[in-house]
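# Fold and contact review
Okay, here's what each chain looks like letter by letter:
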Amino acid sequence: MRPRHCLWIIAVLLAHPAYAFDWHSWDTDKSTRETTFLPTCTGPYQISSADVNGDGYPDLIIPCRGELLSPKLKRPANDQLTVYLNPGAKKGTPWKRMDFTVGFGPYHSATADLDGDGIPDVVVPNYQSNDGRDIAILYGAKDRKKVFEPAAYISIEGGHFVNDYPLMDDGEPRYPTPGLTSVAIADFNHDGRPDIVAASYQSNFFVVLLNEGGRKFRQIRFPRQAPPYDLLLAGPRDIAVADFDGDGELDLAFSMYESNLIEVWKGDGKGNFSPWRRSQAMGRIPYHLKAADLDGDGRPDIVVGNRSVSDNVVLLKNGLDRFTNAGSFRLDTPKIGETTADEIRDVFLADLDHDKKLDLIAAARASGKVVFWKGTGDLSYNEAFVDRKTLLFPEKGPRGIAVIPGAVAVIFYNSSEVGLIPLPEK
């Protein structure tokens, strides 16, 4: 039987004693010097990790958005995804790069076995889709040397997309609709098949694609286009999937980029969702968020990175009747006007030192920082993450984070690279 949460995400809590280390004596300068840099496709925008070729080692998956140009152009953005295959235990063997076409402006990715053939597939939402290629699916190839088949594409149904954000001087949309920015995969209706959920930042909705088997999906759009009219506030940007209310059904948390809020929608176990809670992001422009039970009380908490000049990662503790602010963790980047308005671009939770407590990582594009905090498991205000460590990569533009055994993988937007930051061995 397949696990219900069929996410194919690397297990960051693996007890790997060879990589347990003393956080307090961590030589971050040494880790910076020993970082290995590998080239990617142009403008890498997100990174995730999964074993895509079945050799037992986590590989790296990197959609590359590039610069967003006019939607009137034939090529309005980059349309590539870079995969780096892990050499595993083969010492001296380099990571193998493979590039795939996935549609214009790929923002994000998630991995799961969608078609039940035992081979992982990758789903990519495209923000700058001006040709109907809203979602790309790279189905795993039976020829494992090829890794993936050529992309299959899904167009978001229903039409009537409202382009709510900036127009060009001539009144035309700067970006095409629906403008998808994030995707997650999980079994939302208990049928044993992984489903897809994608957020439309540009048009203020999210869509659930229920997996009907045979590589077919049934789309449900939220808020619904017919009564009852639920309200989703402006700018859904990123998605976290968890059972936030403890009823055994998966729910969805969204960072609301334009509203400075976190919205949680309650799932009914049949693929339907309805509004449940709204919470302040306690900062400006919430971008990426992650969910995990940080204090062991059985309720998933939320961390969110606020991209703008508030320059903070906020921890929202999941209480019985609300989310409460359990801390604001700052990078302390010196500010000159709005120079850090493009700062925190990703956050990640992982047990790096294997003490069974999740640690926090943030990628800061404007200042070139990758920042680490040690997790304590104590959700008293500002006590959850301590002993901040900073690695500096000037002008490279850290943009996204993934964790693999023994290293933290970081993509750099400005230099189109992925860096493998070694974690110190015990």
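Placed above this text is the structure.
Residues numbered from 1 in each chain as written. Predicted model: local features only at pLDDT ≥ 70, side-chain atom pairs only at ≥ 80, totals over all residues. Heavy atoms only, no water.

Applying the stated criterion across every chain yields a total of one disulfide. At a sulfur-sulfur separation of 2.1 Å, the disulfide partner of Cys41 is Cys64. Between Cys41 and Cys64, the S-S torsion sits near 80°, and that sign places the bridge as right-handed. Note that Cys41 is positioned in the loop between strand 1 (36-39) and strand 2 (48-50) and Cys64 in strand 3 (residues 59-64), a separation of 23 residues in sequence. (Disulfide = S-S within 2.5 Å. Helix = DSSP H or I, 4+ residues; strand = E, 2+ residues; numbered from the N terminus.)

This part takes up the sheet that holds strand 1. The strand order 1-28-27-26 describes an open sheet built from four strands, whose pairing is antiparallel. Because the sheet does not close on itself, it has two edges, and the strands there are strand 1 and strand 26 (398-404). Pairs of neighbouring strands in the sheet enclose a mean axial angle of 25°, with direction left out of account. Two elements, strand 1 and strand 28 (residues 417-422), share four bridges in a ladder whose sense is antiparallel. Bridging across to strand 28, Thr36 finds its partner in Leu420. (Pairing = 2+ DSSP bridges. Axes fitted to C-alpha atoms, helices over the stretch in contact; angles between N-to-C directions.)

So, on to the sheet that holds strand 5 (residues 96-101). As summarised here, the arrangement of the four strands in space is 2-3-4-5, forming an open sheet in which the pairing is antiparallel. A strand with exactly one partner marks an edge of an open sheet, and here the two such strands are strand 2 and strand 5. Between one strand axis and the next, the sheet turns through 25° on average, direction left out of account. With five bridges connecting them, strand 3 and strand 4 (residues 80-85) associate as antiparallel partners. Paired with Ile61 across the bridge in strand 4 is Val83.

This part is about unusual backbone geometry. The peptide bond linking Thr177 to Pro178 adopts the cis configuration, its omega dihedral lying at 5°. In this fold, Pro178 is placed in the loop between strand 9 (152-154) and strand 10 (180-186). With a phi close to 65°, Glu395 is a non-glycine residue in the positive phi region.

For the rest of this paragraph, the subject is the side chain of Asn211. Positionally, Asn211 belongs in strand 12 (residues 205-213). A residue is classified by how much of its surface remains accessible, and Asn211, at 1% relative accessible area, is buried. Apart from the residues lying within four places of it in its own chain, the contact partners of Asn211 are Leu114, Asp191, Arg193, Pro194, Asp195, Lys216 and Phe217. (Buried < 20%, exposed > 50% of the residue type's maximum accessible area, 1.4 Å probe, protein only. Contact = heavy atoms within 4.5 Å.)

This part covers the pattern of salt bridges. Using the criterion set out here, one finds 20 salt bridges in the structure. One salt bridge connects Arg133 with Asp131, and the closest N-O pair in it is separated by 2.9 Å. Among the salt bridges present, the one from Glu212 reaches Arg218, with a minimum N-O distance of 3.4 Å. On the accessibility criterion, Arg218 (41% relative accessible area) is partly exposed. Through salt bridges with shared partners, a single ionic network connects Asp295, Asp297, Arg299 and Lys317. (Salt bridge = Lys/Arg side-chain N within 4 Å of Asp/Glu carboxyl O.)

This part takes up the environment of Leu81. Relative to the helices and strands, Leu81 resides in strand 4. Residue classification places Leu81 among the buried positions, given a relative accessible area of 0%. With 330 residues separating them in the primary sequence, Leu81 and Ile411 have C-alpha atoms 13 Å apart. Apart from the residues lying within four places of it in its own chain, the contact partners of Leu81 are Cys41, Ile61, Ile62, Pro63, Met98, Asp99, Phe100, Val102, Val122, Val124 and Leu138.

One recurring pattern in soluble globular proteins is that nonpolar side chains are buried together. Counting 20 residues, the largest nonpolar core has Val303, Leu315, Trp373 and Phe385 as the members making the most contacts within it. Those elements that provide at least two residues to this core are strand 20 (312-318), strand 21 (323-330), strand 22 (344-350), strand 23 (359-364) and strand 24 (369-375). Once you skip the residues sitting within four places of it in the chain, Leu315 turns out to touch Leu294, Asp301, Ile302, Val303, Thr324, Asn325, Ala326, Gly327, Phe329, Leu379, Ala384 and Phe385. (Core = buried A, V, L, I, M, F, W, Y, C linked by side-chain atoms within 4.5 Å.)

Attention now goes to the packing of aromatic side chains. Under the counting rule described, the total for this entry stands at 23 aromatic pairs. Plain terms: the ring middles of Phe206 and Phe222 are 5.1 Å apart, the flat faces sit at 20° to each other, and that makes the pair stacked. Residue Phe206 is found in strand 12, and its partner Phe222 is found in strand 13 (residues 216-222); the two are separated by 16 residues along the sequence. Measuring from centroid to centroid gives 6.2 Å for Phe244 and Phe323, while their planes differ by 75°, and the two rings are edge-to-face. Pair noted here: Phe244 is in the loop between strand 14 (236-242) and strand 15 (251-256) and Phe323 is in strand 21, with a separation of 79 residues, a long-range link. With relative accessibility at 1%, the residue Phe244 sits in the buried group. (Phe/Tyr/Trp six-rings, centres within 6.5 Å; stacked < 30°, edge-to-face > 60°.)

Counting buried positions over the seven residues of strand 16 (residues 261-267) gives six, a clear majority of the element. Strand direction decides the pairing type here: strand 15 and strand 16, joined by five bridges, are antiparallel. Within the sheet, the bridge partner assigned to Phe254 lies in strand 16 and is Glu263. Linkage of strand 15 to strand 16, two consecutive antiparallel strands, is achieved through a turn of four residues, within which Asn260 is found at a positive phi near 55°. Here strand 16 runs beside strand 17 (residues 273-280); their pairing, made up of seven bridges, is antiparallel. Bridge pairing in strand 17 places Trp265 opposite Pro275.

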